[in-house]
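Listed below, chain by chain, are the residues.
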Amino acid sequence: MADDERVGQAAFPQGGAGAGPGGRRDFLATAGSVAMATSLAASYGTLAVLAGRFLYPAGSSPAAWMFLADMAGMKPGDSFLYRTPAGASVAVARVGTRGDAGDFLALSSTCPHLGCQVHWEPHNNRFFCPCHNGTFDPTGKATSGPPAAAGQSLPRYPLKAEKGLLYILVPVGAVS
Ligand code: FES
């Protein structure tokens, strides 16, 4: 028992356990306050980050122009699927013959109804979702099926052409 008391006094030499300034009680109170302040700061920090993501969802993800295709290698009606660095799936189709970026469409290939993959139908000039017969015009606006009933659309990606090559502007951060 005496050994335990010596250990306690050695740890708190200015007045013994629980008594006076610098005592065990003061130490525990200070440690508790520091822990509480740290916990509150972490909570408010997390809240601020979540609020920022809610208020500025698009601004939090950097975007970059990525090579997409050699324009001469696609003829009108051709299409393919492109996967962005962040993992999103994009349906790319050639619909014109002018020789600029306006000849091409690049829309999310993920149906906004339940997430099936849409594909370009050149003979119908539309994107089609086989899961529930959802259809979308070349701008991505739903024209029939459940997506049209819900007023949904396929997000469109910006394109640009440089020296015969086609580029797409996509988010490069992780999909959250
Ligand atoms: S998942 Fe595309 S129409 Fe239902």
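What counts as what
- Residues numbered from 1 in each chain as written.
- Predicted model: local features only at pLDDT ≥ 70, side-chain atom pairs only at ≥ 80, totals over all residues.
- Helix = DSSP H or I, 4+ residues; strand = E, 2+ residues; numbered from the N terminus.
- Buried ≥ 20, exposed ≤ 12 C-beta atoms within 10 Å, placed from the backbone.
- Contact = placed C-beta atoms within 7 Å.
- Core = buried A, V, L, I, M, F, W, Y, C linked by C-beta atoms within 7 Å.
- Pairing = 2+ DSSP bridges.

### So, the overall build of the protein
If you tally the helices and strands in the protein, you get 3 helices and 10 strands. The order of helices and strands in the protein, counted from the N terminus, is α-α-β-β-β-β-β-β-β-β-α-β-β. In the protein, buried positions account for 17% of the 176 residues. The long-range fraction of contacts in the protein, counting pairs at least 24 apart against all pairs at least 6 apart in sequence, stands at 39%.

### Considerations on the nonpolar core
Within the largest apolar cluster, 23 residues are counted, with the highest numbers of intra-cluster contacts made by Ala 91, Val 92, Ala 106 and Leu 107. Those residues in contact with Val 92 that lie beyond four places of it in its chain are Leu 68, Ala 69, Ser 79, Phe 80, Tyr 82, Phe 104, Leu 105 and Ala 106.

### So, unusual backbone geometry
The phi dihedral of Asn 125 is positive, around 50 degrees, even though this residue is not glycine. Its location among the elements puts Asn 125 in the loop between strand 5 (119–121) and strand 6 (126–129). Judged by the 11 C-beta atoms lying within 10 Å of it, Asn 125 falls in the exposed class. Unusually for a residue other than glycine, Asn 133 sits at a positive phi of about 60 degrees. Note on placement: Asn 133 falls in the loop between strand 6 and strand 7 (134–136).

### Description of the pairing of strand 10 (residues 165–171)
Burial along strand 10 is one-sided: Leu 166, Ile 168 and Val 170 are buried, and none of Leu 165, Tyr 167, Leu 169 and Pro 171, which face the opposite way, are. Summarising the sheet, strand 1 (residues 63–70) and strand 10 pair through 7 bridges and their orientation is antiparallel. Within strand 10, the position partnered with Ala 63 by the bridge is Pro 171. If you look at the hairpin formed by strand 9 (residues 159–162) and strand 10, you'll find 2 residues sitting between the two strands, and Lys 163 has a positive phi there, around 50 degrees.

Remember, this is a structural readout, not a statement about activity or role.
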